[in-house]
Every structure is written in C-alpha cells, then in structure tokens.
Amino acid sequence: MFIKKILEKNKINKIHSLNSIIIKQKNKNNNNNRYNCIDSNHFSKLLMMNNSNVPEIKLTQLEINIIELIKQYVNSHNTSFSDDPIVCRIAGGWVRDKLLNIPSNDIDISIENKVISGESFLNNLINFYKSDEQRLQNFNQIINNEYSLDDIFPKNVHTTKVNPDKSKHLETAIAIIFDQSIDFVALRKEVYDDSLNNRIPFIELGTPLDDALRRDCTLNSLFYNINDGKLEDFTGQGISDLFNGIIRTPLSPPLRTFMDDPLRIFRLLRFKNKYGFQFEESLVKCFIEDNSLLTDHIVRKVSRERIAIEINKILSYNDLTILINFLKDMLQFNLARFLYSNNNETYSNKDLKEKNKNYSQSKKTVQVDDIKVHENTLKWLIEFLPLEIENFLNNPNLNLLCQDIDKTILMHSVLLLSLYSSNTDYCIKDVDFLLISNNIPKQTIRKILQIQEMLSNKDDLVFSEMERHELGNFIKQMTEMTNFTNYTTILHLLFPQNYSLLISQMEKYEFDLYKLDELWNPSVFKPLLNGNEIQKRLNKKPGKWLKDVMELEWDYIFEKKIDLETSEQKLTNERLNKDGFFTWLESKGIQY
C-alpha cells in the first residue's frame, strides 16, 4: 500500500521510548527554518525515535499563513485576558495525513475556552485585524507578504447553529480564509443515550482529552497545538498506532465506541483499507463476537445515506487492492448486506402491482433512507450476497483485471448480477433502487444496468457468427452506453469463454481492443454524413427513414473498414467514401 511505502521511504521502522518530536515549519519566503520542541506531559505520551527517524509535519505556505494568522490573535487575547486563555488546535485527519506526508485540506480548528463558541471566536479573529491596520501589517511582515483583508477573508462567516436533531449541540463556524474552507468549533464531550434510535449525542464543552476520546480511532485523535507548535497525543497511543499501522479505538473495550455511533465501523473499515493498516486484536474480536448487537445498532441508528458515503469513498480510490481487501473485511465481519441496505422494512408480492405502477415516479422522488426492497431481495442480500462476494474474491481471473476499470461499476455490476438476472417481477427494479440507495449518479447507474443487461443476455450474442458490421455496431453501442473496457473486463472476469470468442472475432476483423474507448469516443468517432447532407443528397424531407439511413451508414463504415483509416486517409478519401455510401445503398437494393 502507498502508506507503507511512505513509511519505508522515511525509514520509520521501529517505535522506541520518548522525549520529543520536532515539528518543522518551512517558510518558503524565508530561509530561516523554525523548530519547536515538544515536551511530554501528563496526558501526552509522545513518541520518541532515533534522531534520523524523527517524523516531520511539513507545513505548506498556506498552512503557515493560516496558523500564524490565528496565533497572532490568540497571543494578543491571552496577553490581555490571562485568566480566560484560548488554546487553538488543528484536530484529527489533517494531523494524521500530514504525519504520513499526505497533502490535506481538511483543516478543523478546535477551540479550548470556557465560553467562546466557534462563531464568536471567528468573528473576534476577523475584528482583530479589521479594527487595527497595524496588526495586519505585523502579520504581513512575519510571513513576508502583502495581503489585504479581502485577500484573507473574502467571504462572510457561515455558522451552523445549534440543532440537536442534526447533532449540532455546539455551533460550528465555517470561514473561507486564504480561499481555504476552515471549520471552527469548541472542544466537546459526547454523551449517548442508547435508548434512542439515532447516533446523535448530547454534547457539552469538553477538555482536550474528552475531545480525543470521542473520536473513532486513535489515528484521528491527534492535535497540532497552534499556540506553541506542539503535537499532542492525549490518548497516548495515536502516534505509535499511526507509525505501526494499527487501527484502535480510543475507548476500551471497542464496543463502547461502536454502540455510541455504529457508523464508526464503516469509517474504520475505510481507514484500514485506504492506508493498508491492521485492526487491533480487541477490535477484531468485537466485530466477530458482538456482531449481532452491532448489526442491530447499525439498522437502528445509522442512515443509509451515511453508510453509502463511506462505501463510495472506498470506491472513489479506484484501487483494486483496496476494494478486494474491503470486501474481504465485509465478509469476515458479516457486514455484507450493508453494502446495499440497512433497512429491515420490505414490501411483498401483494404490493407489486402498486410498486410497478409508481416505479418511474418513485425513482424521482424517493428519499434514500425510505427505500424498501422486496422481502426476497432483503433475504438475498443477507443470505446470497456474501456468496457473490466470495465468488468474486476467489475468481481466478481477478488478478488479470484491467486497473482502468471503474471500480464502482465493477463492484455493483458483478455483485448484483445474479439478482438482476433472477427473472422476477421485482429484481431489476430492486437493483435500480439499491443503486439509488447508494447515492450513485444516475449516469453511472445507467451504465451498470446496461452492462448487467448485456451480461444477462450473453448467450444471445454469438460473437463467432457475427459479420464485421454486426460486431462493429455492437462494440460502438457498448462504447456509447457504458465503456467498452468496463464491459470486456467484467465479461472476462465472469464469462471467460464468451470473452475469448469476442476477442478472437475482434482480432479477425482487426478491431483494436485497447484503443476503442479512445478512438470510438462518440465525440470524435462520427458518421461520414450528417442528417442534412443525407437529406440534400436524396432530396427528401426529414422523417423516420433518415434514422434508418444513418444506421445503415455505420454498417457501410464497418463493412468497408473505413474505421481503420488514419485521420489523413479519412480526409483524403472523404469525398470518395461519401459517394461510395450511396452507391453501396443502391447495390443493396435499398431505395429511399
């Protein structure tokens, strides 16, 4: 995995005891490098490595600017109000990714203060610079630049107000600073009520330790203290877990973390596979031994939309190894059904007539969390989807897959194919709704369904008996509908014999498998004559006949191998080919 390669490159091989970590701030506009040495304290058991293996947070110039901007205000406040200090920290994912040398734009500022909210802090920050021009000048002098207030704060502050129904017990302020969206929120402590069928906690102001312990894993519980440049690990395990490649919950036993918010299960599955890390032993034990309890909490507390977000993030990496390992985990921990549904409500055969009648309208108006599937579909997801995943993972052609294939199209086309092909009154509609429930774009859903339709009817496609124009039109259709690489890759995986027949016929007719998606892209692969030209040559008004002639034009192109001509040859032969088409029509006895 790419994260492990980074660790090897940086020679971070072994964790030792600790004294300090050096965080290097490199100012591109200033040759003087600034170092801050971090001391250990009661809550922060920080990591110590050999000097040659000290991890660095390399700040970009944008990050230096943001940190210095906040630091100047906080220092001024703390000097004037020493009995009411403010401590600002960058929290969570940014710290994790920076330590792994991965660029990150996910900057969340946690504010430690008795009373200040995210909104009030942000307004005070802006007013600090607006009210005194000298402060802006001092800031510009430090970073060696000449920013105006409009450069720094181009837009107004947006505040997400307190809303317990949406887990907003503390308001979050969002501002664009140096064209970077940044969240500001107070440190918080979360308390959950398991009797409620949701994952919304009661939230109150907390300490840094409270805020660290509420997070999903120790990797995400790290802080970068803006006030003094220190890296803070209040769980005492975050840094060592990060560099050992371990996913661990801050709370022990892990069940506490997942009972509070079961969505964390899917977040940790994503982190594990994205970074190529391993679950800590007690976490694996929890997933297996407490599976029934966790499953119940997922159904009761987590929306379909939020699970779909995590699955789509996994697929968005478009990495076959990540996808394979993720599916292995879903099998091992008996979570396969949640790839598509966490709703136990279904409809039955008696509802089919009304369901089919309103199918088109339902697709337009349905809310993801309200989607219901047939009772047999839910049974299929629970009992047979794991078998489909197992078959996919054990497929001997899996390692031969083209990496270029869209992993979203790959996973859904393969895993749902047997459901799509089951020849029931509801199966195709349910597959459609399952894809909608995963918030997949309409265009991608269309491609998946088209591939499944072609695969379901594979035996009707006798490639070995196709003439060149028939095969050419089939390939052109697949290129326009989905992507020829997607189709052939999945065909190779599931039906290798059919794939071999297709490739053999393509070679016979000189179709280039590896360049078709590029060369036959509808935006560049066009017919010889457009509709107006055909009407003019035949001296006829438009009508149904025109569509038929334009389809015959493609038969002519493939039969005469005009598709094999180079751009120069097509230009040279343009008039000849156009005239030849009408001569060809006459030779076929086709009259218009």
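Throughout what follows, the structure given in this document is the object of discussion. (Residues numbered from 1 in each chain as written. Predicted model: local features only at pLDDT ≥ 70, side-chain atom pairs only at ≥ 80, totals over all residues. Heavy atoms only, no water.)

**Structural notes on the overall build of the chain**
Counting its regular elements, the chain contains 30 helices and 15 strands. For the chain, the computed accessible surface area is about 29200 Å², with 45% contributed by carbon and sulfur atoms. (Helix = DSSP H or I, 4+ residues; strand = E, 2+ residues; numbered from the N terminus. Areas by Shrake-Rupley, 256 points an atom, 1.4 Å probe, with all protein chains shown as cover.)

**Quick notes on helix α18 (residues 385-393)**
Three or more residues of α18 are buried, namely Leu-385, Pro-386, Glu-388, Ile-389, Phe-392 and Leu-393. On an axial view of α18, the arc spanned by its buried residues comes to 160°, and they lie on one face. Considering only its buried residues, α18 is in contact with α14 (320-332), α17 (375-383), α19 (407-415), α20 (417-420) and α24 (484-494). (Buried < 20%, exposed > 50% of the residue type's maximum accessible area, 1.4 Å probe, protein only. Arc of directions from axis to C-beta. Contact = heavy atoms within 4.5 Å.)

**Topic: the packing of aromatic side chains**
For any two aromatic rings, the description comes down to two numbers: the centre-to-centre distance and the angle of the planes. Summed over the entire model, instances satisfying the criterion amount to 30 aromatic pairs. Every member of this aromatic cluster is reached through a ring pair, and the members are Tyr-73, Phe-121, Phe-128, Tyr-129, Phe-139, Tyr-147, Phe-178 and Phe-184. Residue placement shows Arg-270 over the ring face of Phe-271; its charged tip is 4.8 Å from the ring centre. (Phe/Tyr/Trp six-rings, centres within 6.5 Å; stacked < 30°, edge-to-face > 60°. Lys NZ or Arg CZ within 6 Å of the ring centre and 35° of its normal.)

**Structural notes on the nonpolar core**
Side chains of a nonpolar character, in soluble globular proteins, are inclined to be buried together. If you look at the biggest cluster of nonpolar residues, it comprises 154 residues, and the most contacted ones within it are Ile-177, Leu-339 and Tyr-487. By residue number, the principal contributor to this core is helix α28 (residues 544-559), which donates eight residues. If near-sequence neighbours (up to four positions away) are discounted, Leu-339 is found in contact with Arg-304, Ile-311, Phe-326, Leu-327, Met-330, Leu-385, Ile-389, Met-411, Leu-415 and Asn-438. With five residues, the next largest nonpolar core counts Ala-91, Leu-187, Ala-212 and Phe-223 among its residues. (Core = buried A, V, L, I, M, F, W, Y, C linked by side-chain atoms within 4.5 Å.)

**Overview of helix α30 (residues 574-587)**
The first and last C-alpha atoms of α30 sit 20 Å apart over 14 residues, in line with the 20 Å expected at 1.5 Å per residue. Burial in α30 covers these residues: Asn-577, Lys-578, Gly-580, Phe-581, Phe-582, Trp-584 and Leu-585. With its phi angle positive at about 75°, Gly-589 sits one or two positions after the end of α30. (Expected span 1.5 Å × (residues − 1).)

**What to know about the side chain of Asn-220**
Inspection of the secondary structure assignment puts Asn-220 in the loop between α7 (208-213) and β10 (222-225). Of note is the side chain of Asn-220, whose polar atom sits 2.9 Å from the side chain of Asp-216. For Asn-220, the residues in contact, after removing those within four places along its chain, are Gly-92, Gly-93, Arg-96, Arg-215, Arg-267 and Phe-271. (Polar contact = N/O pair within 3.5 Å; in protein donor to acceptor, adjacent residues only side chain to side chain.)

**Concerning the environment of Leu-493**
Turning to its location among the elements, Leu-493 is positioned in helix α24. Residue class for Leu-493 comes out buried when judged on its relative accessible area of 2%. Distance in space between the C-alpha atoms of Leu-493 and Pro-396 is 8.2 Å, their sequence separation being 97 residues. Discounting residues that sit within four places of it in the chain, Leu-493 has contacts with Phe-392, Asn-395, Asn-397, Leu-398, Leu-401, Leu-410 and Val-414.

**Regarding unusual backbone geometry**
Between Ser-252 and the following residue, Pro-253, the backbone shows a cis peptide bond with an omega angle of 0°. For Asn-144, which is not glycine, the phi torsion reads 60° and is therefore positive. Within the secondary structure, Asn-144 is located in the loop between α5 (133-143) and α6 (149-152).

**Section: the environment of Ser-148**
As for its position among the elements, Ser-148 is in the loop between α5 and α6. What makes Ser-148 partly exposed here is its relative accessible area of 30%. Taking the C-alpha atoms as reference points, Ser-148 and Gln-137, eleven residues apart in sequence, are found 9.3 Å from one another.

**Some details on the packing of α17 against α18**
Two elements in contact, α17 and α18, have axes whose closest approach is 4 Å; the angle formed by their N-to-C orientations is 45°. When the axes of α17 and α18 are compared, the pair comes out oblique. Packed against α17, whose contacting residues are Trp-380, Leu-381, Ile-382 and Glu-383, the element α18 presents Leu-385, Pro-386, Leu-387 and Glu-388 at the interface. (Axes fitted to C-alpha atoms, helices over the stretch in contact; angles between N-to-C directions. Parallel < 35°, antiparallel > 145°, perpendicular 65-115°, else oblique.)

Shape descriptors only; they carry no functional weight alone.
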